[in-house]
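Structural description and commentary
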Amino acid sequence: MSSSNTGGPEEPFLRAAGMTKSFGSKVVVDDVTINFFPGKILALLGENGAGKSTLISMICGQYRPDSGSLTVHGKTCTFRSPKDALKAGIGVVYQDFRLVPPFSVVENVVLGTRSRPNRRAAARIEEIAAELGFQVPTHALVQDLVVGQQQQVEIIKLLFRGLDILILDEPTAVLTPQQSSQLFTALRAIADSGKSVVFVSHRLAEVVESADHVTVLRGGRVVADQPAHGLNKSDLALLMVGDGIATTTRAARNRPVGHSVLRLKNASTAGQGRDVLNGASLELHAGEVVGVAGVSGNGQRPLADVVAGIVPLTSGTRETQEERIAYIPEDRLGTGLVGSMTIAQNLQMRDYRSEKSGNPWWINPKTLLAQAEPLIEEFHIPAAASIKVSALSGGGQQRVIVAREVRDEPRILVASQPTRGLDVVSSTAVREHLLDIADKQGAVLVISEDLDELLEVCDRILVMVGGEVVAEVPRKEATRLSLGLLMVGSPDGEASQ
Amino acid sequence: MDFLSFALTSAIVLGTPLILAALGELVSERSGVINLSVEGMMLVGAATGFVVTFSTGNIALGFAAAALSGGALALVHAFLCVGLKANQIISGLTLALLGAGLASFIGRDFAGLPIPSYISPLSIPLLSDIPFLGPIFFERDIIVYAAFAAVIITAIVLKRTRIGQWLKASGEAPAAADAAGVPVFIVRYTAVVFGGLMAGIAGAYFSTVFVRLWSDNLTAGRGWIAIALVIFASWRPLLLVPGALLFGFLDSLNFQFQTMGITVSTDILGMSPFVITLVALTIVWWRQQRHGGAGVPRALGLPYERESRI
Ligand SMILES: Nc1ncnc2c1ncn2[C@@H]1O[C@H](COP(=O)(O)OP(=O)(O)OP(=O)(O)O)[C@@H](O)[C@H]1O
Ligand SMILES: [Mg+2]
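Since the model is a prediction, treat every value here as computed from it, not as a measurement.

What counts and what doesn't
- Residues numbered from 1 in each chain as written.
- Chains lettered and ligands numbered in written order.
- Predicted model: local features only at pLDDT ≥ 70, side-chain atom pairs only at ≥ 80, totals over all residues.
- Heavy atoms only, no water.
- Helix = DSSP H or I, 4+ residues; strand = E, 2+ residues; numbered from the N terminus.
- Rg over C-alpha atoms; globule rule 2.2 N^0.38 Å.
- Buried < 20%, exposed > 50% of the residue type's maximum accessible area, 1.4 Å probe, protein only.
- Contact = heavy atoms within 4.5 Å.
- Areas by Shrake-Rupley, 256 points an atom, 1.4 Å probe, with all protein chains shown as cover.
- Core = buried A, V, L, I, M, F, W, Y, C linked by side-chain atoms within 4.5 Å.
- Pairing = 2+ DSSP bridges.
- Buried area = accessible area lost by both parts, 1.4 Å probe.
- Salt bridge = Lys/Arg side-chain N within 4 Å of Asp/Glu carboxyl O.
- Polar contact = N/O pair within 3.5 Å; in protein donor to acceptor, adjacent residues only side chain to side chain.

What follows is about the overall build of chain A. Scanning chain A from N- to C-terminus turns up 17 helices and 19 strands. Relative to the globule expectation of 23 Å for 497 residues, the C-alpha radius of gyration of chain A, 23 Å, shows essentially globular dimensions. Across its three principal directions, the C-alpha atoms of chain A cover 65 × 55 × 45 Å. Each of the 497 residues in chain A was classed as buried or not, and the buried ones make up 53%. Put simply, 68% of the contacts in chain A that link residues at least 6 apart link residues at least 24 apart. When the accessible area of chain A is evaluated, it comes to approximately 21,100 Å², of which 51% is carbon and sulfur surface.

Structure below.
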C-alpha cells in the first residue's frame, strides 16, 4: 500500500456529487457524493441492493442520473452514453461481462476504438497482459475462454484505451482465491501507474487487504467514506449493515448422519472439453452437508446438474429414491429464474403442478401474490411480489432462488455457488438455510469456490479435478491449504490425506 | 437455347431479386433486428418502381423510388423496434400486410399495363465468349451484376471493416457493443433501412425488368423465401448465392414447363419453393443443432434497452 500514505489534498480524477436515481417510486441512489483519486484503490461497499451497481452505471453513462453532477479532471461532464464516458477516460468491468462471445480477444479489445484487430493491436495486448501477469491467447474466441480470462480481457480492454479510471463491479465474485489475489496484484500495479481503481466486493477480507479507501453505501446513501487503514472485517460489516446483526454462521452441530439417499457411481456426461463428468462417484446421506471444491471448470457444473437430475449420464449410474430434490443453480438468470416474469411467478415455478397453487389448471394471480408475500418477508427479498425479477440486484435475485428451493424442506438440496454475489448478512442467512435442511435430515451438496464457506458449513469436502472426485476430506482435517493443493492435483495434497 | 442453358439463365434472373432482398435481410438480422416485412417492402418497391418507370420512362428513377419506398417502410419497422423496442415479429408481420395493401393502392391504376424493356443485357467482353457458361453468366443486365457485386462487398465489409464489426457486435451482444462505444442504435437503424432499400430494389427488378407488369401480389411470396434463404446461408452473405440460384431455378420451372407444353399443375409448381424451403430448413437446422455454431446472431429479435437489465 505504498501510495496510501501520501494522502495529501490531491485533486480527484473524478468527483460525482449529489448523484440521485430512482426507479419508479423507489430512490435507489440518494444524493451520493464520491471521489476517485489517482493512484488509489477505492472499495465501494454495501449490502445487496444498496445501489452500488446503479451508482457505477450513472458514472459510466449507462444510466442517466435524475440529478447530480460529474466532474472529471476538473471539467463538468454530462454523459449521454457509455461512449461519452469512455472519451472522458472512464471504463467499467461490469458485474456481468460485456464481451462479444464469438469475437476473438483482439476483436473485443479494439471494438469501438480506432484501432484495427491487426498484429500491432495483438502485440500491444500481449504487452499489457505481460505487465499484469495475465495470460490471454489474443486470437482465441472469447466464448472459449474461462471466466477468469474473460475478466482479464475486460481489464485489458480498458487499459488498451488508455483510460485512467477503472471501475470493477464485483470482479472477484466469479474468481477462485488464486485468481483473485492475482487480480489484486494487477490492480495495485495499475493504481501505482497513476490510475484510479474502484472495485465493488462483498468479500471483506480482500477489501481489508487491498483497498486504500472505502466508501460504504446503505439504502442508496453514503454512510462511510474513509481511509481503509486500520479497518478490519467486522468494522466493515458493521458499517454496511449498521447494527450488530450476526455475520458468522453458528457452529455446525453434530448431526446424526442417516442413511444413504443418493449414490453416483462412475458417472460421465456428454460433451467436449474439461467441464464434463468423467467417472465421478459420490454418496450423499441424510442429515449431512457435503462440499465440493475444485478449480472452476473441472466438472462441478455437470456434477450439480446430474445430482439434481436434469442432465442424463452417458455411463455410470445414479441411484436415488428421493423425489424432493431442490437445485440452486450457478447461473442465476439462465437456469434459475425467468427474468421477465415477476417475483411471485418465479417463486411459484416449482409448484405449478401441485395442489398448493390451488387448482392445477388455473393460475390465480391473487393466490400467487398471497403465497409470495410470506416468502418475501422471510427471505428478505427486497421488492414487491409483482416486480419483475430482472429488476432485482444480483443479490436480490439469488434470494428469490434460495427462497423457492429451500422452503419446502427438500430431501436433497444441490446448491451451486449459493452465496455468490451476496453480502455478508445474506450469505450468513443462506448458509443457515443449508444447515437447517441438514438438521431436518435432508442431504445438502454445496459446490462453492469459496473455501472458507465450505470449511464453515460442510461435514466433509470432496475435491474435483478433471471431472472426477479425486479426494474426500472430513471437515476436521481440511484446511485451505490442503484443499488448495488437492484442487491443483498436487501430490503433496494427496499425501496429506 | 437448350433446356439447361435456359434453366440456368432463368435461375440467375429469378435468383437476382432473391439475392437482393435476402442480402438486405441478412444485414438487418446481423445487426440483431429480424424484419418479417420483406414481402411487403418488395411489393411496395415493385409497385412504386413500376409506377414511376411507367410515368417517367426513366427506369433509374423507378429503381430509386422503389429503394426509397422500401427504405421508408423499413424505417417504420426500425422506429418501432429499435426506437420504441416493440416486438419485432409483430411489427414485421403487420408491416408485411400493410405493405401488400399499400402496394395494391399505389399500383391500382397501373395493373396490367405493359412497359417496354428498358434494361438490355450488358455483355462483358472476353468473359461472355466462354463457351456455354459465358452467355449464361456474362450477358446479363446490370442489376444482376450489381447484385452479385453487392454480395461480395457485403461479405468483405462484414469480415474486414470496422462497420462490419460494429454490425456483428450489435447483433451478438448489444450491451457489450454499447459499453465499448459502438453506436448500437444508429447501427441497427441503418441496417434495417438498408434491408428495406434492398427489398425495394428487388421488388422493382421483378416488376420493371422481369415481368414488366404490375399486378396485385406480384412477388407471390418471394419475400418470405428471402427470409428463409438467410437461414440456409447461416447468416453468411456468400452462401446466399447457391440458395438463391436454386430457388430461382425452381421458380423458373413454372414458366418453362408451360412453354414446353408439359402440363403440371401450376398450383403444385407454385408451391414447390415453399415445400423445398420447409425441407431445407429442417435439414439445415438439424445440421446446425448437431454441429453447433448455427450462426444465429445471439441478440436476434431482442430489443436493446440501455437502462434495463439483461
Ligand atoms: N433497471 C432497473 N429497474 C428497476 N429497478 C432497478 C433497476 N436497476 C436497479 N434497480 C433496483 O435498484 C436497487 C439497487 O440495485 P443495484 O444493482 O444498484 O444494487 P447493488 O448494490 O449493486 O447490489 P448487489 O450487491 O446485489 O449487486 C435494487 O433494489 C434494484 O432492484
Ligand atoms: Mg451490483
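Right, let's get into the nonpolar core. Core analysis: the biggest nonpolar cluster contains 87 residues, and Val38(B), Phe63(B), Trp214(B) and Leu229(B) have the highest contact counts within it. Once residues lying within four places of it in the same chain are set aside, the contact partners of Phe63(B) are Ile119(B), Ile143(B), Ile201(B), Ala204(B), Tyr205(B), Thr208(B) and Val209(B). Membership of the second largest hydrophobic core comes to 50 residues, among which are Leu45(A), Leu166(A), Val197(A) and Ala237(A).

This part takes up the pairing of strand S19 (residues 468-474) of chain A. Residues and elements named next belong to chain A. Sheet topology note: the strand S18 (residues 460-465)/S19 ladder contains six bridges and is antiparallel. Each bridged residue has a counterpart across the sheet, and for Val-465 the counterpart in S19 is Glu-468. Linking two consecutive strands that pair antiparallel, namely S18 and S19, is a turn of two residues; a positive phi of about 55° is found at Gly-466 within it.

Contacts between the two partners involve 23 residues from chain B, matched on the other side by 36 residues from chain A. Here chain B meets chain A over a buried area of about 2,300 Å², counting both sides, of which 52% is carbon and sulfur. At the junction of chain B and chain A, the tally comes to one salt bridge. At the surface where chain B touches chain A, the tally comes to eight residue pairs in polar contact (both at pLDDT 80 or more). For the side of chain B that touches chain A, the secondary-structure elements that each account for two or more residues are helix H7 (162-172) and helix H8 (174-179) of chain B.

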